[in-house]
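# Summary of structural features
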Amino acid sequence: MSNLPTGNYVEAVRSSCRALVDQSPVKVSSSGVDQFLEKLDKAQYEELCIDTPMRLPLKFESISEELNLIALIDLLNFGSGYRVPLKQYTGRGAFDTIRFGVMGFHIGDVGMDAKTFKEMNILRVSEIFDMPVTREVKAPNLDFVTMTEPNELRPLAEGIASVLNSTGEFLANNNYKDLASFILDITKPKTTAAAVVEKLVRALPGFQDVYTINDQPVYVLKKAQLLVYHLWFVFRDQDPERFDFPDIHELTMFADNVIPTLLIHMGVIEIPDVWKQEMEEGKDVGMERATIMRAASLVAGEEITKKSNGLIKSEGDLDVYLWRLGKVGDYRKIVRMAWRDTVMF
């Protein structure tokens, strides 16, 4: 991919997102940031900023087995635009669907390796992730005959298969058995969080969270940064030489659909009324609006962290807090920003 950043990838995320927001109709409200910090329940923040959903209730034989699982969850951590049909067909949201499927690989002894990924197809995805991709409909003019047609989840299954296929190809072509062996190679002591983000994004199309708006490249790199954060969070005590990245607190937030939605709801981000109305009606916002709102949430995260007087240690911690807060009480009911045609969030 030719329009990848030159220099520090995390800095490229910051500068490109700020430049995009500066020339957009979206604003980060300084008074909104102040109010957010004034109202912040410190005890709740301390509890929710720890990423406990990544502590999985599974037994692992080795660090590489656990690493393989966490890397796959983060690589496939998308589908947020399908939240409504997923709930309808499976009873799970997007993240729970992905985590369920990846745990299914592990428990069901499905190979989590280059060969399996290369050969993955949508029927296999449908089976592993317990996600139907067709529905029965009545045949026109024939009362007792039904036909099958693709349902709303088929494009999501296609996206999962496609990301697994491109990942499997890269791993096989470079003689890596699986994701864990690739990650263990690129985290050889000692490296930085920014360097690992760069290596993930350069290698795997499933991490290339990159857009062009008004002829300018915009980098968000949500999944690559999130994976690096999880490597640090889960493995830094087991292997500090490899995973206790010195620059971990320099990562940005991991902008998906939840983070911008919550910050708009809280008055930290201001968007045009027509955008707000269409978002609340559940309309697909499309690439440009989604990217601008995600970029604004990264800018807002930086401002909030700077103004928090050390309460918020990093934008990664703030992201985890907001993401988990989105699952609490009335926050769950807010209609979230949706863009379906992406494998990035």
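Since we're looking at a predicted model, the values are computed, not measured.

Take the overall build of the chain next. Across its full length, the chain carries 17 helices and six strands. Against the globule reference of 20 Å for 345 residues, the chain gives a C-alpha radius of gyration of 20 Å, in line with a compact fold. Taken over the C-alpha atoms alone, the chain extends approximately 65 × 50 × 45 Å along its principal axes. In the chain, 74% of the contacts between residues at least 6 apart in sequence involve partners at least 24 apart. Approximately 15400 Å² of the chain is accessible, and the part contributed by carbon and sulfur atoms is 48%. Positive and negative side-chain charges of the chain, numbering 39 and 50 respectively, have mean locations separated by a distance of 2 Å.

It is worth spelling out helix α9 (residues 154-173) at this point. With 20 residues, α9 should reach 28 Å at 1.5 Å per residue; the first-to-last C-alpha distance of 28 Å fits that figure. Those residues of α9 not exposed but buried are L156, A157, G159, I160, A161, V163, L164, T167, G168, F170 and L171. Looking one or two residues past α9, N175 carries a phi angle of roughly 60°, positive in sign.

The full count for this structure, using the stated rule, is two cavities of 30 Å³ or more. Considering only enclosed or pocket space, the largest cavity measures out at about 50 Å³ in volume. What lines the largest cavity is simply N8, V10, E11, A194, D247, E250 and L251. Partitioned by chemical class, the residues of the lining of the largest cavity number three nonpolar, one polar and three charged. Roughly 40 Å³ of internal volume is contained in the second largest cavity. Lining the second largest cavity, in full, are V13, R14, C17, T252, L298, V299, E302 and E315. Tallied by class, residues from the lining of the second largest cavity come to four nonpolar, one polar and three charged.

Cut-offs applied
Residues numbered from 1 in each chain as written. Predicted model: local features only at pLDDT ≥ 70, side-chain atom pairs only at ≥ 80, totals over all residues. Heavy atoms only, no water. Helix = DSSP H or I, 4+ residues; strand = E, 2+ residues; numbered from the N terminus. Rg over C-alpha atoms; globule rule 2.2 N^0.38 Å. Contact = heavy atoms within 4.5 Å. Areas by Shrake-Rupley, 256 points an atom, 1.4 Å probe, with all protein chains shown as cover. Lys, Arg positive; Asp, Glu negative; His and termini not counted. Charge placed at Lys NZ, Arg CZ, Asp CG, Glu CD. Expected span 1.5 Å × (residues − 1). Buried < 20%, exposed > 50% of the residue type's maximum accessible area, 1.4 Å probe, protein only. 1 Å grid on protein atoms, 1.4 Å probe; cavity = no way out; pocket = protein on both sides within 12 Å on 5 of 7 lines; lining within 4 Å. Points joined across faces, edges and corners; volume = space filled by probe spheres on them. Nonpolar A, V, L, I, M, F, W, Y, C, P; charged D, E, K, R; others polar.

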